[in-house]
Amino acid sequence: MADREYAYYAGCSLEGTAVEYDMSMRQVFKALGVTLREPEDWSCCGSTPAHTVDHVLAAALAARNLSIIEKMGTDTVTVPCPSCLSAFKRAHLGMKGDESFRHAVNELLDEPYNGGVSPKSTLQIMYEDIGLEAIAKKVTHALPDLVVAPYYGCILNRPPAIAQFDDPENPISMDRILEAIGVKVSNFAFKVECCGAAFGVPKREMVNRLTARVLNMALDSGANCIAVACPLCQQNLDLRQSQVNSTMGTNFNIPILYFSQIVGLTYGLSPRELGLDKLIVSADVLVATRITVEELARKKAALEAEEKAQKARKKEDKTTTEET
Amino acid sequence: MRVGVFICHCGSNIAGTIDVARVAAEMRKVPGVAFATNYMYTCSEPGQDEIKAAIKREKLNRIVVAACSPRMHELTFRRTIEKAGLNRYFLEMANIREHISWIGLDKEANTNKAIDAVKMAVAKVMNNKPLFSSSFKVNKRVLVIGGGVAGMQAALDCADGGLEVVLVEKSPSVGGMMARLDKTFPTIDCSICILGPKMVDVAQHDKIKLHAYSEIDEIKGYVGNYQIKIKKKATYVDWTKCTGCGLCMEKCPSKNSYDHFNFGVAPTKAINIPFPQAIPKKAKIDPQYCRQFVKGKCGVCAKICPTGAINYEMQDEIVTEDVGAIVVASGYGLLDIDKLPEYGGGRYPDVITGIQYERLLNASGPTEGHILRPSDKTEPKTIVFVSCAGSRDKSVGVPYCSNFCCMYIAKQAILTKDHIPDSQSYVFYMDIRSPGKGYDEFTRRAQEDYGAKYIRGRVSRIYPKGNKMVVQGADTLLGAQVEVEADLVVLANAVTAAPGAAALAEKLHISYDTFGFYVESHPKLRPVETNTSGVYLAGAAQGPKDIPASVGQGSAAAAKVLALFSKDMLESDPAIARVNESNCVGCLKCKMTCPFGAVVEKELRGGKIVASVIETVCAGCGVCTSTCPCGAIQLSHFTDNQLLAEVNAICQI
């Protein structure tokens, strides 16, 4: 596999609450031979606070970054945070499709953005560019006790006209990646259900209710942890889990991992490198079950031999009882 | 030459944005125009009388009417001038309504454009030649495409009227969608009980020739004289020998054939008779499931068949039928629920479609009339109906209303209570659309007498939870979110055009809309005619409609055919291509381009080869005239000279 190179826009969350997403994503990309180039002097992507006020302003904030990336000479920027991604895509597609909008946005910028950078989620890069086969090749460890509910959140694949990746109602890219690294994936119905998003600040009880629904459904589906690809989803499900428990009278204790952390674990990376110590609901018990692929194969072989032996014994018993 | 020009106001339709008096005044200055006037409604009786009077009074011999589209009133005015003694082709119409007044608001610009348009018409009419139509014989047989209730009604009415009918049905039995319904609204009478006798009538009528499991391959000809090629698909069973005993179906070892009749509610055998009341009641083999075809060995049905009807070597067969008119009743399709991922997109076995539920309700269906949910064959107690699943939803390409879902959902809610008295139905709806006779009362009954809970709002998501399906939606009257834990969910998936509708329309030379539904000649006044003479529409092929409307349209189409065939001879349109034999060099490019096969080769005395036009086949499209390198083939009424005169008229300042 030829080494790949992408521009990488981490965004503000990945420097703060979601630093473990950044850490694990970088580790995984490194393992896969992907070089990430960070734009210098990047600024706010223009998400929620800006676009609720003014679309041109929001697009200008995003396009400032896109124009810096364009100057770097790369045609793709990979973005781990779905909010940043959505802001970038809206600006990019809006400016490409509507000349007057492009003029209005560029008017606000020092350097114009010419539409030469396509923003893609890290998930999309993994699924489409790197491919499942290459992802699977790097696996050295197994997590046989893990059952993961893949949770995509509301905006990663939506609206379809902007996201242009995977299915808006039943996305499968994360499912396939997790399956490729040998992890069990549960049949989770709330893949794109709302977690409450930024309402955690103005309307906490609503977020608690919605988050509880998602956690509940994950348990119902037989999962013992949830994989996410969005800092806000992770925050609501992880950080607020104790809040949910106290306000909803529940007793959840489900680790919420970034999908990149799970991939990293199967690549044999240390929990520390992957920022697993940053999780509020500890995943230590699950991580402790990690074994090497060889060990797993040995265990499997032993199990099979045991079963065979048992069967043989049963048969023997049968014949002896028949004889008697 | 004395041309009379009549400018119509069409109330304010034209006069509102065109200065009609000025147009008339300008026309008076045009050489050759002897008389020009403007009138409130030229198509009205006094308007037409005015034209006739002016022809006499002013000794007019050419007439121009500047009004609406010639599609609307050309025939009206042709008749008018004919009554006043002029050849009907001495009329020209300038379309100043659809082409000018309706599309522009600038009165000055519109008036100038109208002046040009009328000048063109004047220039053309001065070059017009008198034309006379000839008459030709009509083949008084009618082809009906589609053996659903609309097609059967049309076939029976035509046959009862004494016409010979050829009925072509794509599936192995007539009956269409109605044959699959359990009961019909608003009377709850058994669908097959009222349809069955009609199906038998179709089978037994001397005048009806049924081609089941057949499709239209090719259509040639014109009103009065069509040649139809019909593809009889291979059934691998000799239907002349098959008695419909069903032994083959009983013994067939291949049990996983998709059951088209039951919409896949349960599988059927690879050799099957679709349903007990099928007409004709004959077996056919689905080769993609048959072991004889897939694995090359089996032959169970051939061994068991008491009449030796099985023939694995059978091929598709083409038969030809000559008819004079066609009724298209090819029915409708249903939106694939793959398009509705928020409702599971077909992933959940307990989320089914309305027509599948109909088969669960039906005594001759796969569950023998017991409502059992597909996943675990248990009786559902809570059933949710989603009455707009795709309909009125631009995002899935169905902006229209599917017409009959509100009613059949109410019916299914009533029947559910009858089947399972301790059940509870919920109906999510956008609006209850029940404008038919007795329809609104019926939907009230579902709610008031049968306790169906109607929730006004759309469903946002359906997901499984344990062995239940959770239906999450909005109650817009309460302004609240609702969740219903259901055992079974029924989606009233949207009505679409029948698969292959567009391809059939191309063969028929009829128009269809963006969605594939066939377009009638006029939405109000010519609802069963098409713009191709001799082709009529019936049933849901024209747009979603329920049984009474489909039957009504079937009868209406039959009435149109009977009226057409009340004459022994039809008049041909003389506006067709004609060959000037002395200019023709016999290259026969026209023959190659003619889409109707109307041009043939002809040898003159002395051996010169020229093109020749079959008058009755030529549709007057003009493709040949633009192909001809020496201008030898000319379309009457649209000759080069006539068209160039129009061009000259607008190029002169």
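Just so you know, these numbers come straight off a predicted model, no measurement behind them.

## As for the overall build of chain B
Each helix and strand in chain B was counted, giving 19 helices and 32 strands. In terms of overall dimensions, chain B has C-alpha extents of about 85 × 70 × 40 Å along its principal axes. Expressed as a percentage of its 653 residues, the buried residues of chain B come to 53%. Of the roughly 28800 Å² of accessible surface on chain B, a fraction of 52% belongs to carbon and sulfur atoms. The average position of the 77 basic charges and that of the 67 acidic charges among the side chains of chain B differ by 3 Å.

## Section: the packing of aromatic side chains
Enumeration according to the criterion identifies 19 aromatic pairs over all chains in this entry. Judged by centre distance (5.7 Å) and plane angle (55°), the ring pair of B:Tyr429 and B:Tyr454 falls under tilted. Linking B:Tyr429 in strand 20 (residues 424–429) with B:Tyr454 in strand 21 (residues 453–456), this pair joins segments that are 25 residues apart in sequence. Assigned by exposure class, B:Tyr429 and B:Tyr454 land together as buried. Among the aromatic residues, ring-to-ring pairing joins A:Tyr9, A:Trp42 and A:Phe88 into one connected group. Above the face of the B:Phe90 ring, B:Arg62 is positioned so that its terminal group lies 3.7 Å from the ring centre.

## Here we look at the interface of chain B and chain A
If you look at the interface, chain B gives nine residues, while chain A gives eleven residues. Taken together, the two surfaces of chain B and chain A that pack against each other cover about 850 Å², and 45% of this comes from carbon and sulfur. The interface formed by chain B and chain A holds three salt bridges in total. Between B:Glu483 and A:Arg213 there is a salt bridge, with the nearest N and O atoms lying 2.2 Å from each other. On inspection of chain B and its partner chain A, the count reaches six residue pairs in polar contact (both at pLDDT 80 or more). If you tally residues by element for the side of chain B that touches chain A, the top one is strand 22 (residues 459–465) of chain B, at four residues.

## Some details on the state of the cysteines
All names here are of chain B. Scanning the entire structure with this criterion turns up one disulfide over all chains. One disulfide bridge connects Cys190 with Cys193, the sulfur atoms lying 2.2 Å from each other. On the sign convention where negative means left-handed, the S-S torsion of about 80° between Cys190 and Cys193 marks this disulfide as right-handed. Classification of Cys190 as partly exposed rests on a relative accessible area of 21%.

## Comments concerning the domain arrangement of chain A
Residue and element names in this part refer to chain A. By the assigned domains, chain A splits into domain 1 (4–124) and domain 2 (139–294). Domain 1 and domain 2 are separated by 24 Å when their C-alpha centres are compared. Contact with domain 1, which involves 27 residues of that partner, is made by 31 residues of domain 2. Summing both partners gives a buried area of about 2400 Å² for domain 1 against domain 2, and 72% of it is carried by carbon and sulfur.

Each value, and the rule that gives it
Residues numbered from 1 in each chain as written. Chains lettered and ligands numbered in written order. Predicted model: local features only at pLDDT ≥ 70, side-chain atom pairs only at ≥ 80, totals over all residues. Heavy atoms only, no water. Helix = DSSP H or I, 4+ residues; strand = E, 2+ residues; numbered from the N terminus. Buried < 20%, exposed > 50% of the residue type's maximum accessible area, 1.4 Å probe, protein only. Areas by Shrake-Rupley, 256 points an atom, 1.4 Å probe, with all protein chains shown as cover. Lys, Arg positive; Asp, Glu negative; His and termini not counted. Charge placed at Lys NZ, Arg CZ, Asp CG, Glu CD. Phe/Tyr/Trp six-rings, centres within 6.5 Å; stacked < 30°, edge-to-face > 60°. Lys NZ or Arg CZ within 6 Å of the ring centre and 35° of its normal. Contact = heavy atoms within 4.5 Å. Buried area = accessible area lost by both parts, 1.4 Å probe. Salt bridge = Lys/Arg side-chain N within 4 Å of Asp/Glu carboxyl O. Polar contact = N/O pair within 3.5 Å; in protein donor to acceptor, adjacent residues only side chain to side chain. Disulfide = S-S within 2.5 Å. Domains from an automatic or database assignment.

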